[in-house]
Amino acid sequence: QDNSFSLDIELIGLGTLHGPENNFHISIDPESNERVDFNWSAATSGDGGLVLYRVLFDREDGDFQEPIASFPSSSGGSLLTLMLSQPALNNIASAAGIGQLATGKVRWTVEASSGYNKVLFPQSSLLSLTRPEGIANLPDDLYIFGPATEGADLENGIAFKRLSNQLPIDDFVTGIYESITYLKPGEFQIADRNAEEEPITYFHINEEGRVRTGDQNSTFNGEEGVYRIRLNLTQSRVTYEKIDNIELYILANGLKKAELSYKGNHTFESNNGYFEFLNPGHPEAPDWLGWEEERYRFRLSVNGETSYIGSNQNDDMNGSLVPNLSAYNGRPNGSQPPYYHQVFFLGSEASHWQGAWKFSNQFNKVPFTVRIVFDPKADNYYHEFELN
Amino acid sequence: PPIDATSELTFWQTEEDSRVFLNSMYADLMNSDTYLFLNAMSDDAYSREKEDYRNIGNGNFDSSNGVIADVWSSRYEGIRRANIFLNNIDRIQTITEETRESYRAQARFIRAWHYFYLREFFGNVPLITDEISIDQSLQLQRTDQSIVLSFVFEELDQAINSLPESYPSEQNGRITKWAVIAFKSKVHLYNREYEQAASLASQLLDKYSLHPNYADLFKQPNAGNNEVILALQYVPTDREHDLQYSLIPPSLSGYANFSPLQELVDTYPMRNGLSINDPMSNYDENNPYENRDPRLEASVIYNGYRMRDFSGNIVTIDTSPNAAPDGLNFSSNSTPSGYYVSKFYDVEARNQVNSGLNLIVIRYAEVLLNYAEAKIELGSFTQQDWDITIGAIRARAGLIDNALQFPNVGQEMLREMVRKERRIELAFEAGHRFFDIKRWRIAEEVLDGWALGMRTNSSDDHNGYVRVDLRTFDPNKHYLWPIPLRETDLNKNLSQNPNW
Amino acid sequence: GYYQQAMAQERVISGTVFAENEPLPGASIIVKGTSQGTVSDANGKFRLTLDSSGDNVILVSFIGFITNEVNISPNQTSLDVILDVDLSDLDEFVVVGYGTKKRDNITGAISETGERAIVGKPVTNAYQALQGEVPGLVIQQGTSEPGTLPEINIRGLSTMSGNTPLIVVDGVISSLNNINPNDIESISVLKDAASAAIYGSRAANGVILVTTKLGKEGKPKFSYSGQVGLQQPTNFPKIADSWEYATLRNEALVNSRMAPVFSPEQILGFKENGPNVSHYQALFKDHAVQSNHNLSLSGAERGLNYMMSLGYMDQESLFHGPGYGHQRYNIRINLDKQVNEKLKIGGRMSLARNDIKGHAWWTEWLIEPSVRMPPIYNIIDEDGNYTLSSGSNGNPLAQLEQGGARTNQNDEILVNLSIEYEPIENLVLRGVLGGNTTSNLTHEFRRAIEYAYPGGGNNQNSVANQYGRSIYLNPFITATYNKNISEKHDFDFLLGVSSESFKTEFFGVTGLDVPGNQFGVIDNVSEILQSGTNGSGNEWGIQSFFGRMGYRFSDKYLLEGNLRYDGSSRFTSANRWGVFPSVSAGWILSREEFFSAVEDVVSFAKIRASWGQLGNQDIGSLYGHQSLVNINSNVYAFGGVGVPGAYYSVSNPQRTWETSTMSNLGIDLAFFQRKLSVSFDIFNNLTRDILLELPVPSTYGLGQPIQNAGVVRNRGWEISVDYAVNTGNVGHSFNLNLSDSQNEVVDLRGREFINGSDVQTILREGYPINSYFALRSDGFFNSQEEVSASATPIFATSVQPGDIKYVDRNNDGVINYENDRFVLGHAFPRYTFGATYAANFKGFDFSIFIQGVGERSQWVRGEIVEAFHNNNEGPVFARHLDRWTPGNMDATYPRLTVGSESVNNAARSDFYIFNAQYLRIKNVQLGYTLPSTLISRIGLGQARLYVTGLNLFTFTPMNLGLDPESHGGAATNGRVYPVSRVFSTGIDINF
Ligand SMILES: [Ca+2]
Ligand SMILES: [Ca+2]
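As the structure is a computational prediction, the values presented were derived from the model and not from experiment. (Residues numbered from 1 in each chain as written. Chains lettered and ligands numbered in written order. Predicted model: local features only at pLDDT ≥ 70, side-chain atom pairs only at ≥ 80, totals over all residues. Heavy atoms only, no water.)

J.: Could you clarify how one ought to interpret the overall build of chain A in this entry?
T.: Along its length, chain A carries 2 helices and 29 strands. Over its C-alpha trace chain A gives a radius of gyration of 28 Å, far above what one expects of a compact globule, namely 21 Å for 388 residues. Dimensions of chain A, computed from the C-alpha atoms along their principal axes, are close to 90 × 65 × 35 Å. Residue burial in chain A is summarised as follows: out of 388 residues, 54% are buried. A separation threshold of at least 6 residues defines the contact pool for chain A, and within that pool the share at least 24 residues apart is 65%. Only carbon and sulfur atoms are counted for the fraction: they give 44% of the accessible area of chain A, which is about 17100 Å². Distance from the positive charge centre (28 side chains) to the negative charge centre (53 side chains) of chain A: 5 Å. (Helix = DSSP H or I, 4+ residues; strand = E, 2+ residues; numbered from the N terminus. Rg over C-alpha atoms; globule rule 2.2 N^0.38 Å. Buried < 20%, exposed > 50% of the residue type's maximum accessible area, 1.4 Å probe, protein only. Contact = heavy atoms within 4.5 Å. Areas by Shrake-Rupley, 256 points an atom, 1.4 Å probe, with all protein chains shown as cover. Lys, Arg positive; Asp, Glu negative; His and termini not counted. Charge placed at Lys NZ, Arg CZ, Asp CG, Glu CD.)

J.: Teacher, can you tell me more about the interface of chain A and chain C here?
T.: Accessible area lost on assembly of the parts is the figure often given for the size of an interface. Taken residue by residue, the interface counts 20 residues in chain A and 27 residues in chain C. Both sides of the chain A and chain C interface together cover about 2100 Å² of buried area, and 61% of this is carbon and sulfur. The tally of links from chain A across to chain C stands at 3 salt bridges. In this structure, the connection of chain A to chain C is made through 5 residue pairs in polar contact (both at pLDDT 80 or more). Of all the secondary structure elements, the ones that give two or more residues to the side of chain A that touches chain C are strand 6 (52-59) and helix 1 (74-77) of chain A. Across the side of chain A that touches chain C, the residue classes tally to 6 nonpolar, 10 polar and 4 charged. (Buried area = accessible area lost by both parts, 1.4 Å probe. Salt bridge = Lys/Arg side-chain N within 4 Å of Asp/Glu carboxyl O. Polar contact = N/O pair within 3.5 Å; in protein donor to acceptor, adjacent residues only side chain to side chain. Nonpolar A, V, L, I, M, F, W, Y, C, P; charged D, E, K, R; others polar.)

J.: Any chance you could explain the packing of helix 2 (residues 15-26) of chain B against helix 5 (residues 66-88) of chain B here in plain terms?
T.: Each pair of packed helices can be summarised by the angle the axes make with each other and by the distance between the axes. All names here are of chain B. Packing of helix 2 against helix 5 brings their axes to within 10 Å, and their N-to-C directions diverge by 160°. The orientation of helix 2 with respect to helix 5, classified from their angle, is roughly antiparallel. Like other packed secondary-structure pairs, helix 2 and helix 5 cross with a definite hand, here left-handed. Note on element contacts: helix 5 touches helix 2 through Arg81, Ala82, Ile84 and Phe85, opposite Ser18, Phe21, Leu22, Ser24 and Met25. Per-class residue counts for the contact of helix 2 with helix 5 are 6 nonpolar, 2 polar and 1 charged. (Axes fitted to C-alpha atoms, helices over the stretch in contact; angles between N-to-C directions. Parallel < 35°, antiparallel > 145°, perpendicular 65-115°, else oblique. Left-handed = near helix turned anticlockwise from the far one by under 90°.)

J.: It is not clear to me how the coordination of the calcium ion (ligand 2) should be interpreted in this structure. Could you clarify?
T.: Around a metal, the ideal angle is 109.5 degrees if four donors adopt a tetrahedral arrangement and 90 or 180 degrees if six donors adopt an octahedral arrangement. Residue and element names in this part refer to chain C. The protein atoms that coordinate the calcium ion (ligand 2) are Asp882 (OD), Asn888 (OD1), Asp890 (O) and Asp890 (OD), at distances spanning 2.7 to 3.0 Å. The sequence pattern describing where the donors of the calcium ion (ligand 2) fall on their chain is D-x5-N-x1-D. For aspartate 890, a relative accessible area of 64% puts it in the exposed group. (Donors = N, O, S within 2.8 Å, 3.2 Å for Na, K, Ca; no water.)

J.: Quick question: what am I supposed to make of the environment of isoleucine 850 of chain C here?
T.: All names here are of chain C. Along the chain, isoleucine 850 falls in strand 49 (residues 844-855). The exposure class of isoleucine 850 is partly exposed, given its relative accessible area of 24%. For the pair isoleucine 850 and tryptophan 884, spaced 34 residues apart in sequence, the C-alpha separation works out to 38 Å.

J.: In this structure, what is going on with unusual backbone geometry? I would like to understand it.
T.: Peptide bonds are trans in most cases, and residues, glycine excluded, mostly fall at negative phi. Between alanine 324 of chain B and proline 325 of chain B the backbone carries a cis peptide bond, its omega angle lying at -10°. Mapped onto the elements of the fold, proline 325 of chain B is located in the loop between strand 7 (314-317) and strand 8 (340-341). The omega angle of the peptide bond from glycine 874 of chain C to proline 875 of chain C is -5°, so this bond is cis rather than trans. Here asparagine 303 of chain A, not a glycine, exhibits a phi torsion of approximately 50°, which is positive. Tracing the backbone through its elements, the reader meets asparagine 303 of chain A in the loop between strand 24 (295-302) and strand 25 (305-310).

J.: Could you clarify how one ought to interpret helix 18 (residues 432-439) of chain B in this entry?
T.: An α-helical turn contains 3.6 residues, so a residue and the one three or four places further along point in the same direction. All names here are of chain B. Where burial is concerned, most of helix 18 is hidden: 8 out of the 8 residues are buried. Buried positions along helix 18 lie against helix 6 (97-122), helix 9 (177-190), strand 9 (359-363), helix 14 (364-378), helix 17 (411-425) and helix 19 (443-446). Downstream of helix 18 by one or two residues, arginine 441 has phi in the positive range, about 55°.

J.: Mind showing me how you'd approach the coordination of the calcium ion (ligand 1) here?
T.: All names here are of chain C. Around the calcium ion (ligand 1), the protein contributes the donor atoms Asp808 (OD), Asn810 (OD1), Asp812 (OD), Val814 (O), Asp820 (OD) and Asp820 (OD), which lie 2.3 to 2.6 Å from the metal centre. Considering all 6 donor atoms around the calcium ion (ligand 1), the spread of angles at the metal, 53 to 154°, places the coordination shape in the irregular class. Counting the intervening residues between successive donors of the calcium ion (ligand 1) yields the motif D-x1-N-x1-D-x1-V-x5-D. By relative accessible area, which is 28% here, valine 814 ends up partly exposed. For aspartate 820, a relative accessible area of 0% corresponds to the buried category. (Tetrahedral: all angles 85-135°; square planar, octahedral: opposite > 155°, others 65-115°.)

J.: Which parts of the structure should I look at to understand the interface of chain C and chain B?
T.: On the side of chain B, 88 residues touch chain C, which itself brings 79 residues to the contact. One salt bridge in this structure joins aspartate 489 of chain B and arginine 821 of chain C, with 2.8 Å as the shortest N-O distance. At the boundary of chain C and chain B, one finds 32 residue pairs in polar contact (both at pLDDT 80 or more). Elements that contribute at least two residues to the side of chain C that touches chain B include exactly strand 28 (527-553), strand 32 (628-638), strand 33 (641-648), strand 40 (753-755) and helix 11 (817-820) of chain C. No other element matches strand 32 of chain C, which puts 9 residues into the side of chain C that touches chain B. Considered class by class, the residues forming the side of chain C that touches chain B number 33 nonpolar, 36 polar and 10 charged.

J.: What am I meant to see in the pairing of strand 21 (residues 237-250) of chain A here?
T.: The side chains of a regular strand alternate, first on one face of the sheet and then on the other. Residue and element names in this part refer to chain A. Sheet analysis places strand 20 (residues 225-232) next to strand 21, joined by 7 bridges and oriented antiparallel. The partner of asparagine 232 across the bridge, within strand 21, is arginine 237. The antiparallel hairpin formed by strand 20 and strand 21 contains 4 residues in its connecting segment, where serine 236 sits at a positive phi of about 60°. Judged from the 6 bridges that link them, strand 21 and strand 24 form a sheet pairing that is antiparallel. Each residue of the ladder has a partner; that of glutamate 247, found in strand 24, is arginine 299. If you look at the hairpin formed by strand 21 and strand 22 (residues 256-264), you'll find 5 residues sitting between the two strands, and glycine 254 has a positive phi there, around 75°. (Pairing = 2+ DSSP bridges.)

J.: Before we go on, may I ask you to explain the sheet that holds strand 4 (residues 36-40) of chain A in this structure?
T.: Residues and elements named next belong to chain A. Taken together, the 3 strands give an open sheet; going across it, the order is 2-4-8, and neighbouring strands pair in antiparallel fashion. Strands with a single pairing partner mark the edges of an open sheet, and in this sheet they are strand 2 (17-19) and strand 8 (81-84). Averaged over all pairs of adjacent strands, the angle between their axes in this sheet comes to 20°, without regard to strand direction. Where helix 2 (residues 86-95) meets the sheet, its contacts fall on strand 4 and strand 8, and the angle it forms with strand 8 comes to roughly 90°.

J.: I would appreciate a short explanation of the environment of leucine 50 of chain C in the present structure.
T.: Summarising the element assignment, leucine 50 of chain C is placed in strand 5 (residues 45-50). Overall, leucine 50 of chain C belongs to the buried group, its relative accessible area being 1%.

J.: It is not clear to me how the sheet that holds strand 15 (residues 166-169) of chain C should be interpreted in this structure. Could you clarify?
T.: Hydrogen bonds along the backbone pair up the strands of a sheet, which may run parallel or antiparallel. Residues and elements named next belong to chain C. The 5 strands lie next to each other as 12-17-18-15-16, forming an open sheet whose pairing is mixed. Each end of this open sheet is capped by a strand with a single partner; those strands are strand 12 (110-114) and strand 16 (172-174). Ignoring strand direction, the axes of neighbouring strands in this sheet form an average angle of 25°. Taken together, the 5 bridges between strand 12 and strand 17 (residues 184-190) define a ladder with antiparallel strand orientation. Within strand 17, the position partnered with glycine 114 by the bridge is serine 186.

J.: When you look at the packing of aromatic side chains in this model, what are you seeing that I'm missing?
T.: By convention here, two paired aromatic rings are described through the distance between centres and the angle between planes. Summed over all chains, the structure comprises 114 aromatic pairs over all chains. With a centroid separation of 5.3 Å and an interplanar angle of 70°, the aromatic rings of phenylalanine 368 of chain A and phenylalanine 385 of chain A are classed as edge-to-face. Of this pair, phenylalanine 368 of chain A sits in strand 28 (residues 368-373) while phenylalanine 385 of chain A sits in strand 29 (residues 382-387), and the two are 17 residues apart along the sequence. This pair shows no difference in class: phenylalanine 368 of chain A is buried, exactly as phenylalanine 385 of chain A is. Summarising the aromatic geometry, the rings of phenylalanine 11 of chain B and phenylalanine 21 of chain B are spaced 6.5 Å apart at their centres and angled 55° between planes, so their arrangement reads as tilted. (Phe/Tyr/Trp six-rings, centres within 6.5 Å; stacked < 30°, edge-to-face > 60°.)

J.: Honestly, the packing of helix 8 (residues 145-162) of chain B against helix 9 of chain B in this entry has me stumped. Any pointers?
T.: All names here are of chain B. Relative to each other, helix 8 and helix 9 sit at 155°, their axes nearing to 9 Å. When the interaxial angle is binned, helix 8 and helix 9 end up roughly antiparallel. In the crossing of helix 8 with helix 9, the sense of the turn from one axis to the other is left-handed. Contact residues: helix 8 offers Leu149, Phe153, Leu156, Asp157, Ala159 and Ile160, while helix 9 offers Lys177, Val180, Ile181, Phe183, Lys184, Val187 and His188. Taken together, the residues of the contact of helix 8 with helix 9 sort by class into 9 nonpolar, 1 polar and 3 charged.

J.: What is the right way to read a nonpolar patch on the surface from this model?
T.: All names here are of chain C. There is a patch of nonpolar side chains on the surface, built from Leu295, Leu310, Ile331, Met349, Leu351, Ile413, Val415, Leu417, Leu433, Ile471 and Leu473 and spanning about 850 Å² of accessible area. Secondary-structure elements contributing two or more residues to the nonpolar patch are strand 23 (343-358), strand 24 (404-421) and strand 26 (462-485). Among the elements that line the nonpolar patch, the one with the most residues is strand 24, at 3 residues. In this fold, leucine 473 is placed in strand 26. Accessibility expressed as a relative area gives 38% for leucine 473, which makes it partly exposed. (Patch = residues over 30% accessible without salt bridge, like charges linked within 9 Å, V, L, I, M, F, W, Y side chains within 5 Å.)

Set out below in structure tokens:
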């Protein structure tokens, strides 16, 4: 067999764009499943080998040197067509600088490749787009800053955590960001970066309470306090849920053993907790108790409704709340899994023993400090104890 | 004379001789590869590396396929062993008649078992009930399958009459009377003889019970639980199988030889019993594994799955495209479908893959499903039937709400229900799905076109579900396997199946 | 006066006889025309008293040298004589079965060689040295992995069960595996029935008689020879660069209707930054050392002839890893003592020790994943950790470097005691007790390997020990008697009885989990593995009676007959005994009166013919004539405990001798004072009741027993040519041999048998044994129309342009194996040849040895030939770049595909049957012998320095990166340690 053969990746024939026709107009409808079909004719490589295609988009006056978006054609780049969804078009329009509800033009062409050799089709075409409401590109991070917040300026912006569904009760759509932080009436700004690094995308909340891009100021009019702020960029909504009164309490008797107050920087703390493990006959012990009992969790008020914070692992002390996660049922003694002290919002309907932790022996009958840190940059929110 | 073996002429002397010979016949029941990989030729799974299984699954095969030749030859080797045994056991003087009858019955069961499988795969097959010569083997013709089938039934009836209902614990694993009855019920079911299937299955009701936890049923510590009617016996170190190598993710030293398909994953309903296609089901395509029938988690490893590794640590399996090392198509070791298998996972496995986990071939839940299916086909499936069969199986699995309620629907719907239930409950076990899609004659529907894996959106084909294998099923010939080329090459008297 | 007269009449001549630059003891010095003479002493010196003062002619002669006539001038008193080797006479005596014979008197087909095939070749065993040296002797070695042995065969596949010739060393049945090549004096290859029938049932595959060296008359002589050289691996497949790989991976995926996986940017990254790794090649070093050293002491004085030698061979492995290689130690003592005129006793003893250290795994399974691995993965990451890349949960390089080792320590002791007694003249009684004992100890420690990556396998260590020993005894007694009657009639007789018995025992134990992963001995394991614990043994025996009668008339007409009667334990008593006769005749034309006319040109001419029958009983399954019940442990389990099981063995009580009827016709010619000699043989071997492991239908249920199948014929011819000539000071010699054998299944009682799965072979009347049987390819489909109009395989659901097209043999519009396979060549070599040219000039010598095969097919399958074999990520080789595309229809490889889309192209067809003919420059030597005047000053007798090379160049159309000589399983899948090229320097010293 011929060993001297080598690949010829030169593109010896380029195709032409077929559709959509030049200056075609589309009003983007994120609710619609209708896809837009981009198609063209084939290119040929020197040895007849595979040619792959990418559709590139640029601003109306762009030259595709730095395209604003690109997509491999159907079947991973191998077909002569690309079916783009409405949200994808929305992203392109947004990247082209077309604002929400505005209309503008983008330019597209096809890049053919053989091996590492990439060549643009000589021709390009314009597409006219009208954008809907809603944020197109979900940022990785989000920060708020300004007089209404704990952070005075962009650099000290208060971080948000992007929510995912972790417990069976969780039911978040994509694009929700949360921060537990202090607010007071006043103005603030929202950005996807907390450093002066281009490009920063700014968001704001308009008079109708909808989230929009743009670096205008937003206003907080509510009561001063600690809030669980949730920014829903997918649906352009914001909620402020007031949090107060976080208590560590014992599940067996419902008695509070520490009251945690907000210390800033996403942290609640109590430095005068005290608990004596319940044994049968202890004045606080329920009469059914037949063993030493020390299970606790937290309760708090969210917008005036009692709600619970607990672990993700103990569902009635048997299985975990999370599929396949094993429950750690002993008192923490150093061999507990690293996620043992993570905290989760269990909602207001949590069953009596769900999400319980056990006290470590060393906190029996000694004053302690307990702290919950809703750190948006940590893997998860967590709590911790210290001996006083 | 050899120093390490005795002559056939002097072998059959003691009870031990017959027992030891019978032991080797048990090993013929089914090998671990067949147990698992038959399912890779169904719409439940795909084998990237086991070429012969893969090629049957996608229709690219003929009579020279190695799996087909192996199934044929290993079954006939087992049949010869049974014939030898039945020809010689009477030579033994020092054995009680009770033991002799029991041994003979076990051998008859195993021989009937072989013929059942041969008939399922090939239709008409040579019926050999004696030790034949090479010359005879070169002249054999195929026996009509109705004769093979009546032979199977006769043999099973004799076995039922001679076998005990149970054995002392050191004999656990032997064929019991109940195992034969359960098997005979299944043969009738496969043969659409629903009256007999139902009546035989009903004999086992309340003789066994469902193990309380579905996932635990397939774990090493529960080997002898009261749901198991017949299992292939394995023991750590002494007799192990390495199925796990084909099942678990590379990060746990697996190889993804056997990959569940999206079609199976989609069959698991929501926890409330509603199909994921039901608008009321609350199924979230972006969080597709949440709130599903817990048997999904007990059977399939999916993206984001959390499990214990061999050191006892909890690890999260990332099967997202090209994630190292377990991601979809990251390497030749990793899953081509986005899924691995959690059923049969043995954290105690020696060298991480050599497992002593028994492989269940008949269990009570199957008997219940056989019963339910037979009753549904007979049109006499009642609330009470539901409660003891599908209802009980679902409750054990952890389904809730309406999933447990007797559905007030017609035979069509019930049939679809029991078929789905069977697929889910028995997933990856003993080739059930492979045989079921053939006997239900649905193979041309479910084995045609692209077999898909998890949703990746890397391509816009199939709504973003990744292509795994293009399958073709030709109902004109694929329902029966061809007689192996090796056999027709040697014996021109063997006719070939239609269109092969 | 008287004194003067006396001086004139009686004078003394003294001097030295030299041959080959050495003093020659024992040469006879005779005054021509008288009976006056003497013999040179141990230093080659002589003193001869002449009774005449005039001109004298002296004849100086020695067997094997051309007699020198020297004229003595009247006053001469000293004389040095140099004798030249008589090339025509050197081979005068040939070792034959149970004796020796004058070459001229041989009537069978015997080829011989000796030291000349061995000297200076950097080989690691004797077989390698013989390759290509003897017509009809086929030796194949497709790997140079330390410790492996080649396959050896004479005159083709006349039988199927064990085609290895019988090897007889110094009269006793033995092997060449452990012999020190430097100890070999001569080798006779008995190829036809007449010459081999004396070995009866043991000789159906031919016989190789090896004679080891003895001392030469004279004082003790020391010899040292040593070589040190480097091995290099040859023949790796040329992989595609990583960017080419990625480009073609995309193409194959898209051709298979899957999404591509590499972006142009990634492909560019591969081109600019790699990695670009040949995982296969990376398992091997660039070079490894090989050396050997031999020291011997020999001589013969006062009836005691002795030779003692020490040998050491050290071949490092080319595999990376800690000290892998093979060392062999040889000791030999050969003694013969003429006790008195009637009694001679002799002894031979040799010890061989092999220490072979290799990796603890299986080479095949290290190479397989390495060949499949795409070049885009590193073997070791930036942090120095072994990676786990595609298709494996281990890293073969880690397995080599850190995975422990397997050591084999094999000892063999051969002993041979003989006593020869001549009670009356010409009657010699000879008794020999020969035999050998071997012991083999294997220790394997597979270390657990800690991979830095999750999911690594190899994480349980294990220790295995195996020990086996065997004893083989071969006593025999012969009586020979020669009688000459009235000068013209020569008779010789041989009667003998021989017995062979062999017994072996072995056991092994395997344990798991050595804590600490350091000290891998059974004592330290945590658990014994039942399935790795075994022990057994077996034995066999043969009894034989044999006789030979020879008759010569006037040294012109030669006649010989042999008869042997053998009984073998491998058959039932009813089938146990076989009779094997042979007759042969020769006519030396050149001794007829009428021949004198052409005597000047044709120095010698002989015609030979032979016919005979040989048996074969060499069946691997020793007890296959009886049905046995074997007990295996842990075949199943009850109650959580493993239980044993009983299995019937495969058996055939009817099996019996296979019988080969062999005819041979030969002619030996010599020209120009025997400077040029030519031998030609033609043979026809018909084997009846050939023993084959015939496939049986699976419905039989008991596997394939060995059966007496049918009739197979082997026909062929051999030619060898030797020529020596001097041009000026330069001596040249040419040697050429060429042979062919072709077998054919003559009768299978109308049946045919197809064997194999991945590679299928057929036994069909009219075709060679185990011919390939496969579809025939017919180029590639170039268009959809062509696909639609053609038959396509029933087993391929998608056939596209660019796929291989197959011939629809029965024209039924579909391709299936049942009806469309063809018989397509076979793997046995034909037209094997070897050619040597040697020249010497003053002290310099040069030789080149070329060897090869003129026709051979090799079916190769798997990853070594197929791109993306079996749905793997790799491999892609450079030759796959010439794949079919719409723009490259004259491709050499079909369109690239993966998975089920590859089924059409992966079909069993001649597309994967390759032409494996080759020509190899096997050995080149350049030597210089230091002038004796120079070296005698430092006490040396002779010294030669040389450089030598082995496997220097190979020319073959089989361009797969697989050695064309690869055969058997390794050849069909290419998972093999390569053949190495060796460059050495050597020295031979005598003193
Ligand atoms: Ca045909
Ligand atoms: Ca070409």
